[in-house]
Amino acid sequence: MRKQTTGSIMKYLLRGAFLLVLLFLVIHLMPRALGHRDISKKRLVDAEAPWVWQNPLPQGNDLRGASFVDANTGTVVGYYGTIVRTTDGGNSWTIQPSGTTQNLWAVSFADVNNGTAVGEGGTILRTTDGGGFWVSQASGTIVQFRGVSFTDENNGTTVGEGGTILRTTNGGNTWVPQSSGTANTLFGVSFTDANNGTAVGGTIGQSEILRTTDGGQHWISQPNPGTQFLFDVSFTDANNRTAVGDQGTILRTTDGGNTWVPQLSGTTKTLYGVSFADANTGTICGFELGGTGIILRTTDGGNNWVEQTSYSLPQGASAFYAVSFTDANTGTVVGDAGIILQTTNGGGQWNSQPSVTFNYLYGVSFTDANTGTAVGYENPDGMILRTTDGGSTWIRQSSGLINTFSGINFYGVHFNSANTGTIVGEEGIILRTTDGGNEWVQQTSGTTDYLYGVHFTDENNGTVVGFLNGTILRTTDGGNHWVQQTSGTTDGLFGVYFTDANNGTVVGNSGLILRTTDGGQNWIPQSSGTTNQLRAVSFTDTNTGTVVGGDFGVSTILRTSDGGQTWVSQQNPGSDVLLGVSFTDASNGTAVGQAGTILRTTDGGQNWVRQESGTNRDLYSLSFTDANAGTAVGGYGAILRTIESEPTPSPTPTPTATPTATPGGITLSASGYRVRGMHTVDLSWTGATSANVDIFRDGSLVATVSNSGTYTDSIGVRGGNVRYTYKVCEAGTQTCSNEVTVRFGGPPL
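This is a predicted model, so every value here is computed, not measured. (Residues numbered from 1 in each chain as written. Predicted model: local features only at pLDDT ≥ 70, side-chain atom pairs only at ≥ 80, totals over all residues. Heavy atoms only, no water.)

**Some remarks on the overall build of the chain**
For step 1, the next point in the chain: If you tally the helices and strands in the chain, you get two helices and 64 strands.
For step 2, the next point in the chain: The 749 residues of the chain split such that 63% are buried.
For step 3, the next point in the chain: Considering only contacts in the chain between residues 6 or more positions apart, those separated by 24 or more positions represent 49%.
For step 4, the next point in the chain: Counting only carbon and sulfur atoms, one obtains 47% of the accessible surface of the chain, whose full area is about 25,700 Å². (Helix = DSSP H or I, 4+ residues; strand = E, 2+ residues; numbered from the N terminus. Buried < 20%, exposed > 50% of the residue type's maximum accessible area, 1.4 Å probe, protein only. Contact = heavy atoms within 4.5 Å. Areas by Shrake-Rupley, 256 points an atom, 1.4 Å probe, with all protein chains shown as cover.)

**Some words on the environment of Y272**
For step 1, the next point in the chain: Structurally, Y272 can be placed in strand β23 (residues 270-276).
For step 2, the next point in the chain: Along the primary structure Y272 and G188 are separated by 84 residues, whereas in three dimensions their C-alpha atoms are 9.5 Å apart.
For step 3, the next point in the chain: Sequence-distant contacts of Y272, defined by excluding residues within four places in its chain, comprise R64, W105, R146, F231, D232, V244, C285, G286, F287, F320 and Y321.
For step 4, the next point in the chain: A polar side-chain atom of Y272 sits 2.6 Å from a polar atom in the side chain of R146. (Polar contact = N/O pair within 3.5 Å; in protein donor to acceptor, adjacent residues only side chain to side chain.)

**Regarding the state of the cysteines**
For step 1, the next point in the chain: Per the counting criterion, the structure on display carries one disulfide.
For step 2, the next point in the chain: In this model, C729 is linked to C736 through a disulfide, with the two sulfur atoms separated by 2.0 Å. Across the disulfide from C729 to C736, rotation about the S-S bond amounts to roughly 105°, and the bridge is consequently right-handed.
For step 3, the next point in the chain: Exposure remark for C729: the relative accessible area of 1% places this residue in the buried category.
For step 4, the next point in the chain: When its relative accessible area of 3% is taken as the criterion, C736 is described as buried. (Disulfide = S-S within 2.5 Å.)

**Brief notes about the environment of G74**
For step 1, the next point in the chain: Along the chain, G74 turns up in strand β4 (residues 74-78).
For step 2, the next point in the chain: The class for G74 is buried, based on a relative accessible area of 0%.
For step 3, the next point in the chain: Distance from G74 to T326, taken between C-alpha atoms, is 9.7 Å for residues 252 residues apart in sequence.
For step 4, the next point in the chain: When near neighbours in sequence (up to four residues on either side) are disregarded, G74 contacts S67, F68, V84, R85, T86 and W93.

**Section: the sheet that holds strand β49 (residues 554-560)**
Across a sheet, paired strands are connected by hydrogen bonds in the backbone, their directions being either parallel or antiparallel.
For step 1, the next point in the chain: An order of β47-β48-β49-β50 is seen for the four strands of this open sheet, with the pairing classed as antiparallel. The sheet is open, and its two borders are formed by β47 (533-539) and β50 (568-569), each paired with just one other strand. (Pairing = 2+ DSSP bridges.)

**Notes on the environment of T490**
For step 1, the next point in the chain: Mapped onto the fold, T490 is located in the loop between β42 (483-485) and β43 (493-498).
For step 2, the next point in the chain: Here T490 falls in the exposed class, since its relative accessible area comes to 65%.
For step 3, the next point in the chain: Through-space distance from the C-alpha of T490 to that of N509 is 9.7 Å; in sequence the pair is 19 residues apart.
For step 4, the next point in the chain: Residues within four places of T490 in sequence aside, it is in contact with L468, N469 and G470.

**Focus on the side chain of D246**
For step 1, the next point in the chain: One can find D246 in the loop between β20 (241-245) and β21 (250-253).
For step 2, the next point in the chain: For the buried D246, which has no salt bridge, the nearest side chain bearing the opposite charge is R697, at an N-O separation of 7.4 Å.
For step 3, the next point in the chain: Engagement of the side chain of D246 in a polar contact is seen with the side chain of T270, the distance being 2.6 Å.
For step 4, the next point in the chain: If sequence neighbours within four positions are ignored, D246 has contacts with Q228, F229, F231, K269 and T270. (Lys, Arg positive; Asp, Glu negative; His and termini not counted. Salt bridge = Lys/Arg side-chain N within 4 Å of Asp/Glu carboxyl O.)

**Things to note about the sheet that holds strand β22 (residues 261-262)**
For step 1, the next point in the chain: In spatial order, the strands read β19-β20-β21-β22; together these four strands make up an open sheet with antiparallel pairing. Each of the sheet's edge strands pairs with one partner strand only, and the pair in question is β19 (230-235) and β22.

Structure, rendered in structure tokens:
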């Protein structure tokens, strides 16, 4: 499937003729087409958020940890400080305010009330009322915690980067460092009582298993036959334990860890989570980069592991990260994009939470508060979703097109009435409906450009723009005929907006703004005052308009009140590229962008205020039908909705995610490309003073190299929905750089 890379990478792709060819040669993941079960009884509770999830449900951030204390009561945690709770076995889920936007990696509840969640930046959160209120606890460190285990409300242990182990005996009021004897990252920890516990982790070519019998006063490294990272460990008594890891690794002990024996998993996928209900009955979950997830089950202590496939998920996300069973039959698996699978019969059937897609959505258009259409990627026919109830339900529509090799991307959609709308997409695709999408008819565009923006002023007059060849297409008969217009540029064009049949504005790469007053017979360049990429445009009358975009950590907002003769840069609290904008009148407007950015103004942009989106998913498009009712769409099928009773946002901007601290002043940058189709990433850094540095990808150490300032990571993955997060640390220390994420596939940022 197709996803986005960083703005700098893809912008370079667009500007280089040779690399443009590579864009067309991208090989995309084709996951199996999966359905989903009846979801009518599911509901979402999140009364405090200005923006609420409509897809996926109950929310769409990656979930990394799960802890159930009984068949009904459980908590799952994940990226962007996500905490979600159920007390009725998953029939309903409540999103709980965590007070942080740091990624949470693990959670452990000792009973229905007392729980602890841990994550990046030394984050430790504690609740004593089942998550009604979460309190941040002082960890005394900024390392990333990856595992946590509590045996009662007072006694708990958390583990993480650099062999870090912290222990509490008073419910987290104080956390005390313990000596692990290793610098390897510890990913998982499990205690059977206050004294007996095991932590697992590793480094390249080595599995790390540590054991304590005195509450962590002493941690002893246990010899084992593993040569791969271990990510999780589970045991039901002091003797029987199972650890899982990379390359399908399963290790088992029946003597408290004196001896560990490999078990045959039957897979080379990464096994990331494990949960045993008793000495014999256990479940493992995992994933394959660019591939599918996996669930394994044993009822004989691991002598035999059987893959379970009795689940249905929409395309777009299939990585499983954590599993929690409360008895032999009742369990939950969580993963990518908010996946929640639940079983009550030992995995004979896994039921999924309600989602219509996990694939990327790039465009959305509403004609009133209830009626809207969203479009994006799907294999084989492209994604078209329709709602007539304000997004309470989204229904798939058929495009009538088929591309079984790589699927189809639809990038833009515009409806000028409830029934009449147009979709544009890759390779010159234009689709038209006059019956609300019951039938979509392909129109002849005369181009193979990737068409990204579309706007109609009435049923007949419309304009489409493309981002490979500076394409502008015009119709005056509802698309029966499309005529190519002279844009005067070969730069990428992304956004288009007309206030009437004659007056329109187009925006694109390198700060490009084009204006027409004669329906596109002539397009005149306007001075934007920026070289940043401009992604979207919205006008409320012939003279008053706003353009958004950005580049290299800068959010760009431009405003005109004279039809573009002058464009004025507006200050805003964002630092991420803005990808969509919607104004309903001269005063009220909203912009969305990378990393879940949502900015709001009620005074024509004199003041922009950050709103809490609840996600770090990239948001590509939005549509408001009045000052208060709007919908935004984005990565991994994200659909967010707001219906505010008060149009004025809080005057205090919601803080952005706190970045990982960089105590050594190391600055890291990254760029991605393909070598014979394989993902390859060049890293460069400055500020490291040690002789050697550790290279981390997605939290795992991939190499220790000399401090030359550069490193090339040849990953060996082809195509797919893949992103990689890197950091560089001075070898064997926690003196680390900023984190940089590189993403492969899809349209440019």
